[in-house]
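Remarks on the overall topology
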Amino acid sequence: MKISVIIPNFNDRRILRTINSIENQSYTNYEIIVVDGGSNDPFLLNYYKEFTHNVFIEKDKGIFDAFNKGIIRASGDLIYFIGSDDFLSSNKVFGLVVNKIKSK
């Protein structure tokens, strides 16, 4: 079961902490989709160039527009939205969710 993680962002460097918390998950069948509303922070833009997941930098009409853009590009069985200033508090979150769904 693949999880598509959609992260809207705009000039928020805290996204690095967010992404790190996702990449540290023990469950690894996921994709990260960053929908950036047109950040102009050189640090972020350089980070995106080295990032191995999907990054889409384009103007949007707000967070829900960014969510919709992410959904269109998602290939997972589950979709998880997380803010660029949020993070997963445990490296077992995805595994727990998938196991709970599979047990139903």
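It should be noted that the structure appears before, not after, this text.
Residue numbers run consecutively from 1 along every chain, following the written order of its sequence. Owing to the predicted nature of the model, reporting of local features is limited to residues with pLDDT of at least 70; listing and counting of side-chain atom pairs is limited to 80 or more, with chain, interface and lining totals taken over all residues. For side-chain calculations, the full set of non-hydrogen atoms in the structure is used, while hydrogens and water are omitted.

1. Thoughts on the environment of Asn-54
In plain terms, the rule: We count a stretch as a helix when DSSP gives it H or I for four or more residues in a row; a strand needs E for two or more, and each element gets its number in order from the N terminus. A 1.4 Å probe rolled over the protein chains alone gives each residue an accessible area, and that area as a share of the maximum for its type sets the label: buried under 20%, exposed over 50%, partly exposed in between. Contacts were defined at the residue level, with two residues in contact if any of their heavy atoms lie within 4.5 Å.
Relative to the assigned elements, Asn-54 resides in strand E3 (residues 54–57). By relative accessible area, Asn-54 is classed as partly exposed at 32%. Taking the C-alpha atoms as reference points, Asn-54 and Val-34, separated by 20 residues in sequence, lie 6.2 Å from one another. Those residues in contact with Asn-54 that lie beyond four places of it in its chain are Glu-31, Ile-32, Ile-33 and Val-34.

2. Examining the side chain of Gln-25
The following threshold applies: Counting of polar contacts relies on pairs of N or O atoms within 3.5 Å, with two restrictions inside protein: one atom must be capable of donating a hydrogen and the other of accepting it, and residues adjacent in sequence are counted only when both atoms are side-chain atoms.
Here Gln-25 shows up in the loop between helix H1 (15–23) and strand E2 (30–36). Note on Gln-25: relative accessible area 4%, which makes it buried. Of note is the side chain of Gln-25, whose polar atom sits 3.1 Å from the backbone oxygen of Ser-21.

3. With respect to the sheet that holds strand E4 (residues 78–81)
Where we set the bar: Here a strand pair is declared whenever DSSP counts at least two bridges between the two strands. All axes here are fitted lines through C-alpha atoms, helices being fitted over the stretch that makes contact, and every angle between N-to-C directions spans 0 to 180 degrees.
Strand order in this open sheet of 4 strands is E3-E2-E1-E4, and the pairing throughout is parallel. Edge positions in the sheet fall to E3 and E4, since each has one partner strand and no second. Looking at each pair of strands side by side, their axes are set apart by 20° on average, direction ignored. Relative to E4, strand E1 (residues 3–9) runs parallel, the two being bridged by 4 bridges. Each residue of the ladder has a partner; that of Ile-3, found in E4, is Leu-78. Contacting E1, E2 and E3, helix H2 (residues 42–50) crosses the sheet at an angle of about 140° to E3.

4. Regarding the nonpolar core
To be explicit about the condition: As used in this record, nonpolar core signifies buried Ala, Val, Leu, Ile, Met, Phe, Trp, Tyr and Cys residues forming a set joined through side-chain atoms within 4.5 Å.
Counting residues in hydrophobic clusters, the biggest one holds 17 residues, and the most contacted among them are Ile-7, Ile-22, Ile-32 and Phe-94. Where this core is concerned, the elements lending two or more residues are E1, H1, E2, H2 and helix H4 (93–102). Counting 5 residues, the second largest nonpolar core, distinct from the first, contains Ile-6, Ile-33, Ala-66 and Phe-67.

5. Some details on the pattern of salt bridges
Which entries qualify depends on this criterion: The working definition used for a salt bridge is a side-chain nitrogen of Lys or Arg within 4 Å of a carboxyl oxygen of Asp or Glu.
Enumeration over the complete set of coordinates arrives at 6 salt bridges. Here Arg-73 ties to Glu-58 by a salt bridge, and the two come within 3.5 Å at their closest N and O atoms. Here the residue Arg-73 occupies a position in helix H3 (residues 63–73), and Glu-58 occupies one in the loop between E3 and H3, the gap between them amounting to 15 residues. Residue classification places Glu-58 among the partly exposed residues on the basis of a relative accessible area of 28%. Through salt bridges with shared partners, a single ionic network connects Glu-58, Asp-65, Lys-69 and Arg-73.

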